[in-house]
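Notes for the structure review
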Amino acid sequence: MSRNSARPVKKPISVANIPEKQAATALDHLERGRFRDAMESYKSLIKIEPRPEWLAGLASAYAGRAQVLADKGMRREAIELWRNRAEICHTALWEGPYADWLVAEGSMSEVLGYLSKRRAAASAAPDGKADDGLAALEAQLAPGLLSVDDATLKQLPAESLLLQHRPLALAALAAYARQDVAALEEALAGISFRSPYRDLRSLLKAMVLWETDRDAARGAIDRVPRNSPFESLAAPLRSVVASGSERLRRWASLNSSQQLIALDLLGCPRTWAPLLQALAGASTDLAPATLFDLMQRNARVLPEALATRVWQWLAPWALRRGCASPLIFGKPSKADQECATALAVEIKGEWGHAEEHWLDAVDMLASSNDTDDRQRAAMVLRHMAALKVHLSREGILDKVGAGYLTRSLEFDASDCDVHVRLVTSWRRHGDLKKAREGLEAGLRLFPDSAAMLSEAVETALAGGAFKKAATTARRLLELDPLNRKVRTLLGNAHLSHAGKHIAAGKRESAKKEIEEARSWLGAAAAEQARLQLLQAWTEPEGSPERLRLAQLAVTPWGGGLAAGWRLLREAQGIFVRVDLTSANRLLGEAGIDSAKALAPADILGLVQVMEQELLITRKGADPLVPWRKALAALAPTPLFDAETTVRICEAWSGHKEHDLLEKFATAARKRWPDWPIFVYHAVAARFGKNGCIKADRDFADLERAEELAQKNKDFKLNSRIEALFEADDPDPDFDDLHQKDGVPLQALQAFRGVLEQSIMLDGGKAFLKKARDNFGDALIRQLEKECDGDKKAFFRRLIDLTIAELAGPFGQPFQPAVVINKKPPVKPIKIVKPIAPAQGQGGLFNE
C-alpha cells in the first residue's frame, strides 16, 4: 500500500456562482474604500461579461482611486487614471474634478482648448439647443483663470464671460487686499448673477462682513454652495465662522495654505499653527493636567499676556508642577501666582489653607493703585464668601462670609447683588442694625433696584416697622407691578400691623388692616391661612365665628403638631402672657388636640415647617409648650435614622430650641458615636443655654469631633466647630498670652462665672459701681457708647477688662483703652480689688 493517504476529493464548484461571488466581493471592496482591490475584481468580471452594473462599479473604483491620489498631491497619476476610466468604462472624460486637476497641473491651455471646441460645437448645432454643461465648466475654470498669462487667454472668444468679468474679479481681489471698501463694492457690482465669478462675489462680501458683523457673515458664507469652484477659498472662512470645538475641528481639516488664511482672518499669528494642530489632535475630554503639558510645550509662541492667562487657567489643575513653573508662561505677577496656588489648594479640598492664600492675594491686589487689581480683590473675596463652608443649608452666609463680602465693597461697590446678600445675611442672623445700615448704603447706589427694595420690605417687617414696610412695598410695586413676592410681603405687613392692634385691644383697627391685606394677598390657601387666623382673633372669645375662622386657618397647615407650632408662634407677639392653659385653649379653638400622642410623621412635618420659617426671637408664648415633654421623651427612642436625626437637630438649632437639641443630640451620640455632628450639636446646645462651654469633657469631645471632621473632609462642620470655640473664647490671644506665663485659666474662667452670676442677681448694679470706681466714668461711658445700648455686650466687655486687669501681674500689664478728648485724663488703673459679694454669696466668693 502507498504511504500517502488518499487526498480528499474537492466538490466541483458551480461555474454559474463564480461571477456573483466575485461581484459581491468587488462591491464589498468598493464600499470599504479598497479601490485598487475593487478595480481588479471588476476588471475580472468585465472579462467574463461587460454588464452595465459592473462597468459602473469599475468607474466608481477608478474615480475613488484617482481622488485618493489627487488628495495625496499625485494629480498626474490621478489624471491618467481618469483617462483610463473614460476609455474602459465609456464615461465622459470632462466630468467631475478632471478639469480642476488639469488647471492645478498647469494645463489650462488644454482645458481652454476643450472649452473652445465645445463652445463652437454648441454654436454650430442645427437645433440651436444650448449646452447646459458649458456654463458649469466655465464657472469651474474661473478660479484658475485668474492666474494665467495673456497668451492663454487668447484661446477664449471675446464674448466669453470668463474673459469679460476677469478684470472685475481681479480688481475686487486687489481692493479687498488693500481694504478699499468703495473700490470693492464698485468691482463686485459689475459681476452679474450669471457670471462664472458669482461665487467669488458672495465670498468676498462674507469676508468683509466678518470684520464688521459676524452673524451676517455666517449667513453670507452659508449662501455659497459647498460644491462651488471657489470652495478652496470659502473653506477657511467656514472654519472661522464656526463656534466652540467645531471651529478647531474644521480648521484642522484644511490644508496648510487654507489654515494660514484662517489664522489671518482670526487675527492670529501664523506661528500658532503647530499649537492649534496639537490641540485639534487631542481628545475632547483631555484632563486639565494633560492639557497643561500640551500648552507648556507650545507656550513660547503665545503673546505674554495670553500665556499668563493660559497659565492662570490650567496651572491649578496640574498639582505637581503647575504653580511651580510660572515663568514658562509669560510673566504672572505675585498676586497671580498666589491666586493660582490658592485655587490649586482649594481644588485639593484644603479650604482653610486655601483661604490663607486667597487672603494673601487680596492684600497684594488691594495694595495696587490699579482699578482692575482692586476689582479682582473684590472678586476673590466674593469667591471666598461663596464657598460652601460659609453657607448654611438655606444658602445664608455665616459671619465670616459676610465679612468677606463687606470687605469686597471697599474695592468695588458696583454689584447690587452683593449689597442684597449682605443685608439678607444680617437680617437672617437678627442683626437688624447692620441690615439697616447696609440698606441705606445700597439704596443710595441702587435706589430703583427691585431686589434692594424687596429686602428693605423684609427688614422693616423683621423690625416691626409695618407702616414703613407697606410704604416701601408700594414704591416697589410702582416699579414692578407684577411682582408676586412683593404683593405677598405687603399683605403680610398689613397682617403684622393688625397683630399689633389685636395685642393692644384695637379690634376694629385690626379688621381694617386685615381687609387691606386681603386686597394684596393671593387666593392661595397658604397665604389666606394667617389672614383667617388673625381675623379669628378679632372676634369675641368662644364665638362661633372665631371657632370657624380658626379651624379654617389651620386646615392648609395640615393640623397636628406643625399647625399648632405655627399657631402658637403667631400668638407670640399678640398674646404675651400665654401659659399652658391658654395655649391649649387657642389650640382647641382651632381643633388641634395637643394631648394626642405624637407619631414620627408629626415630628418630620414640624421639622419641614421649621426649615421653611425664619427664627423669631421669642416674645412670650412658647410655641412648643404643650408638646415639649412628649418631644423630649421621643429623643432616646430609635424612630429615625442618622441622617433624619441630623435634620431634626438642625431644625432645633435653627430655632434655638437648646433643650430639645441637647436631648436629641446626646441620644444620637450614643447610637452613632462616629458621627461628629452630634457631638457638635450637643455641646452647642449647652453653650446656647450657658453662654460658654463649662465642662472640660465638652472641650475634649469637641476637639475630637473637629479632628474627625477634618479626617472626613467635612469642612462645613469643621468651620462650625471653630466658630463655636471662637464664640466661647472671643479673644484667643488672651488665653495664649496667660497660658504662656502660667496663669491658671480654669481659675479665671471660674471667676468669670462668678461675675456673671452676680450680674444676674441684681442686674449688675454692684458690679457696675465697683467698675466705675476702678476704671473711671470716662471709660464706662465710652464702652456704653460703643455697645450702643446692648447690655449683654457691655457687661461682657466690662468682665473682660476686669479679668484682664486681674491677670495683669501674671502677664503683661493691663493697658486701658485710650479715651480721646476726655478731660480730666484717665488715671492709671490699679489692680482690681475683690468685688464685694452680693447678699447670700459670701461662700461663693471665698472659693
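Scroll up to find the structure.
Structural notes, computed from the coordinates. (Residues numbered from 1 in each chain as written. Predicted model: local features only at pLDDT ≥ 70, side-chain atom pairs only at ≥ 80, totals over all residues. Heavy atoms only, no water.)

**Regarding the packing of aromatic side chains**
For clarity, the threshold we go by: When two rings of Phe, Tyr or Trp (its six-membered ring) have centres within 6.5 Å they constitute a pair, described as stacked for plane angles under 30 degrees, edge-to-face for angles over 60, and tilted for the intermediate range. Secondary structure counts use DSSP, requiring at least four H or I residues in a row for a helix and at least two E residues in a row for a strand, with both numbered from the N terminus. Only protein chains enter the accessibility calculation, which uses a 1.4 Å probe; a residue is then buried when its area is under 20% of its type maximum, exposed when over 50%, and partly exposed in between. When the NZ atom of lysine or the CZ atom of arginine is within 6 Å of a ring's centre and also within 35 degrees of its normal, the charge is said to sit over that ring.
In the structure shown here, the tally under the stated rule is six aromatic pairs. Arranged with centres 5.6 Å apart and planes meeting at 90°, the rings of tryptophan 82 and tryptophan 101 form a pair that is edge-to-face. Pair noted here: tryptophan 82 is in helix H4 (residues 75-89) and tryptophan 101 is in helix H5 (residues 98-104), with a separation of 19 residues, a long-range link. Using a relative accessible area of 4% as the deciding quantity, one classes tryptophan 82 as buried. Its end group placed over the ring of tryptophan 82, arginine 85 keeps NZ or CZ at 4.3 Å from the ring centre. The cationic tip of arginine 214 hangs over the ring face of tryptophan 210; the distance from NZ or CZ to the ring centre is 3.9 Å.

**A short note on the environment of aspartate 701**
Defined as follows: Throughout, a contact is declared for two residues whenever any of their heavy atoms are within 4.5 Å. Polar contact criterion, stated in full: a pair of N or O atoms within 3.5 Å, where within protein one must be able to donate a hydrogen and the other to accept it, and residues adjacent in sequence count only if both atoms are side-chain atoms.
Along the chain, the position of aspartate 701 falls in helix H39 (residues 696-711). Residues aspartate 701 and proline 676, spaced 25 residues apart in sequence, show a C-alpha to C-alpha distance of 9.0 Å. Among residues more than four places away in sequence, those in contact with aspartate 701 are Arg669 and Val679. Side-chain polar atoms of aspartate 701 contact the side chain of arginine 669, separated by 3.1 Å.

**Remarks on helix H30 (residues 525-537)**
Keep this limit in mind: Between the first and last residue of a helix there are one fewer steps than residues, each counted as 1.5 Å, and that sum is the expected span.
The terminal C-alpha atoms of H30, which comprises 13 residues, lie 18 Å apart, in line with the 18 Å expected from a rise of 1.5 Å per residue. Counting buried positions along H30 yields 11 of 13 residues, so the element is predominantly enclosed. By the burial criterion, the buried members of H30 are Glu527, Gln528, Ala529, Arg530, Leu531, Gln532, Leu533, Leu534, Gln535, Ala536 and Trp537. Buried positions along H30 lie against helix H28 (484-503), helix H29 (507-518), helix H31 (544-554), helix H32 (560-571) and helix H33 (580-589).

**What to know about the side chain of serine 228**
Note on placement: serine 228 falls in the loop between helix H13 (214-222) and helix H14 (231-241). Polar contacts involving the side chain of serine 228 include one to the side chain of aspartate 199, which spans 2.7 Å. Within the structure, serine 228 has its side chain in polar contact with the backbone nitrogen of phenylalanine 230 (distance 3.1 Å).

**Some thoughts on helix H21 (residues 351-366)**
For the record, the criterion: Each C-beta atom gives one direction from the helix axis, and the arc is the one those directions make.
Here H21 contains 16 residues, and its C-alpha end-to-end distance of 22 Å stays within 8% of the 22 Å for a straight helix at 1.5 Å per residue. By the burial criterion, the buried members of H21 are Trp351, Ala354, Glu355, His357, Trp358, Ala361, Val362, Leu365 and Ala366. Buried residues in H21, looked at end-on, bunch into an arc of 170°, giving them a common side. Buried residues along H21 sit in contact with helix H20 (334-348), helix H22 (371-385), helix H23 (399-411) and helix H40 (715-728).

**Thoughts on the side chain of glutamate 346**
Our working rule: For the purpose of charge, His is not counted, nor are the chain termini; Lys and Arg are scored as positive and Asp and Glu as negative. Between Lys or Arg on one side and Asp or Glu on the other, a salt bridge is scored when a side-chain nitrogen of the former is within 4 Å of a carboxyl oxygen of the latter.
One can find glutamate 346 in helix H20. Notably, glutamate 346 is buried but unbridged: the nearest opposite-charge side chain belongs to lysine 388, and the N-O separation is 9.8 Å. In terms of polar contacts, glutamate 346 uses its side chain to reach the side chain of histidine 383, at 2.9 Å. Setting aside chain neighbours within four positions, we find glutamate 346 in contact with Trp351, Ala354, Trp358, His383 and Leu387.

**A word on the nonpolar core**
Rules: Throughout, nonpolar core names a set of buried Ala, Val, Leu, Ile, Met, Phe, Trp, Tyr and Cys residues whose side chains join them through atoms within 4.5 Å.
Counting 73 residues, the largest nonpolar core has Trp537, Leu567, Leu624, Trp627, Leu631, Trp652 and Leu724 as its most contacted members. Within the second largest apolar cluster, 53 residues are counted, among which are Leu55, Leu69, Met108 and Leu134.

**Some thoughts on the pattern of salt bridges**
The full count for this structure, using the stated rule, is 39 salt bridges. A salt bridge links glutamate 231 to arginine 238, with the shortest nitrogen-to-oxygen separation between them at 3.0 Å. The same class applies to glutamate 231 as to arginine 238, namely buried. For glutamate 455, the salt bridge goes to arginine 427, with nearest N and O atoms at 2.4 Å. Taken together, the positions of glutamate 455 in helix H26 (residues 450-462) and arginine 427 in helix H24 (residues 416-428) put the pair 28 residues apart, joining distant regions of the chain. Here glutamate 455 falls in the buried class, since its relative accessible area comes to 6%. Salt bridges sharing partners connect three or more residues here, namely Asp659, Glu662, Arg686, Lys689 and Asp698.

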